[in-house]
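Commentary on secondary and tertiary structure
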Amino acid sequence: RAKADGRNRHHFYSRALHDENQRQQQLRHDLRAALDAGQFHLVYQPKVNPQSGEVLGAEALLRWNGPHGPVPPATFIPVAEDTGLILPLGRWVLREACQQAQRWVTAGHALPVSVNISAAQFTDPTFLDTVQEELRRSGLGAHLLELEVTETILMRHVEHVQRNLEALRALGVQVSIDDFGTGYSSLSYLHAFPVNTLKIDRSFLAPDRHGPQAEALITAIVGLGRALNLQVIAEGVEEPAQVRQLLRLGCAAMQGYLFARPLTPGDFLTWLRHWPAQHATFNLTGADPE
Ligand code: C2E
Ligand code: MG
Ligand code: MG
Ligand code: MG
């Protein structure tokens, strides 16, 4: 009896593994076809200073409408990284984002566009050439391109970092450290890296992290930014109370659903038109109801 149970369980587990493998293989297969089939598009999430009302730029975020519906980046980006597809896909993102930002320039909005870069892209020998080539093709000024690189990438690939960051700076491309505070930054490296911005990870703003500890961490990152002469921006801002807290702690640059979700290029232009009126409705001096 016990033996039969054990066998059944074994059967069950290998069955589940088999299904998972099938699913992964299907995903890889679908993903490989997706670029040619034009199933990817970019959405753009504004970065703002809610105090001054200034629009600081927009982050390009990749979306995949697969054969079975939309798949979130958290699911398909790792698969694209495993299969090497991230290189052509990442290049496509860069091209598309640069073209979009150049269209904004033409429309009278000189807004920097931020593009997320994977480790495989950052360490690829053609990375710098690719960035330069896409700037040239689009006609976009280098100062209107920002690359978001995670803290973990910078710390794990130190041998590529100095050369890449110095070359990007020489080009005039901005670099921000994404998800800052979630990895393990060595402060001595950080000091040596020519980057422009620290992006505070949204986990520091999540409601369950509210309270004196999260606040101390935000304060520390803002202080670090000041000491190293870096911009600081907070991602994942969802509530007015967070806006007031961030302003009180000295961080005025923000991004999050409170201001806008990631938007299609058309919706982004509409948002730009309505933002001045929306911005005026923020009660930034109001007492914190908490
Ligand atoms: P990320 O670069 O840290 O991007 C921020 C993520 O937070 C985005 O998720 C965005 O939609 C989401 N977000 C923005 N505001 C809020 C908010 O107020 N609340 C909450 N809960 N979430 C908010 P998304 O678009 O699903 O992207 C997830 C991650 O996938 C990105 O994290 C980035 O690491 C990666 N990714 C997205 N697009 C690309 C890309 O083109 N290339 C690469 N290499 N990675 C990308
Ligand atoms: Mg990002
Ligand atoms: Mg981030
Ligand atoms: Mg994050």
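Everything here concerns the structure above.
These lines cover the structure that appears in this document, whether it is placed above or below. All values reported here derive from a predicted model rather than from experimental measurement.

On to the pattern of salt bridges, then. As enumerated under the stated definition, the model contains 10 salt bridges in all. The partner of Lys47 in a salt bridge is Glu146, with the nearest N and O atoms 3.0 Å apart. Of this pair, Lys47 sits in strand S1 (residues 40–48) while Glu146 sits in strand S5 (residues 145–150), and the two are 99 residues apart along the sequence. With relative accessibility at 6%, the residue Lys47 sits in the buried group. What emerges from the salt-bridge pattern is a single network uniting Lys47, Glu59, Glu146, Glu148 and Lys199.

Taken together, Glu59 (OE), Asn116 (OD1), Glu148 (OE) and Asp178 (OD) make up the protein donors of the magnesium ion (ligand 2), found 2.1 to 2.2 Å from the metal. One chain supplies every donor for the magnesium ion (ligand 2), spaced along it as E-x56-N-x31-E-x29-D. The metal-metal distance between the magnesium ion (ligand 2) and the magnesium ion (ligand 3) comes to 3.7 Å, with Asp178 coordinating both. Of this pair, Glu59 sits in strand S2 (residues 55–66) while Glu148 sits in strand S5, and the two are 89 residues apart along the sequence. With respect to burial, Glu59 and Glu148 carry one shared label: buried.

Within the protein, the atoms that donate to the magnesium ion (ligand 3) are Asp178 (OD), Asp179 (OD) and Glu235 (OE), at distances of 2.1 to 2.5 Å. Donor residues for the magnesium ion (ligand 3), ordered by position in the chain, follow D-D-x55-E. In this structure Asp179 comes out as partly exposed when scored by relative accessible area, which is 24%. What makes Glu235 buried here is its relative accessible area of 11%.

The rules we used
- Residues numbered from 1 in each chain as written.
- Chains lettered and ligands numbered in written order.
- Predicted model: local features only at pLDDT ≥ 70, side-chain atom pairs only at ≥ 80, totals over all residues.
- Heavy atoms only, no water.
- Salt bridge = Lys/Arg side-chain N within 4 Å of Asp/Glu carboxyl O.
- Helix = DSSP H or I, 4+ residues; strand = E, 2+ residues; numbered from the N terminus.
- Buried < 20%, exposed > 50% of the residue type's maximum accessible area, 1.4 Å probe, protein only.
- Donors = N, O, S within 2.8 Å, 3.2 Å for Na, K, Ca; no water.

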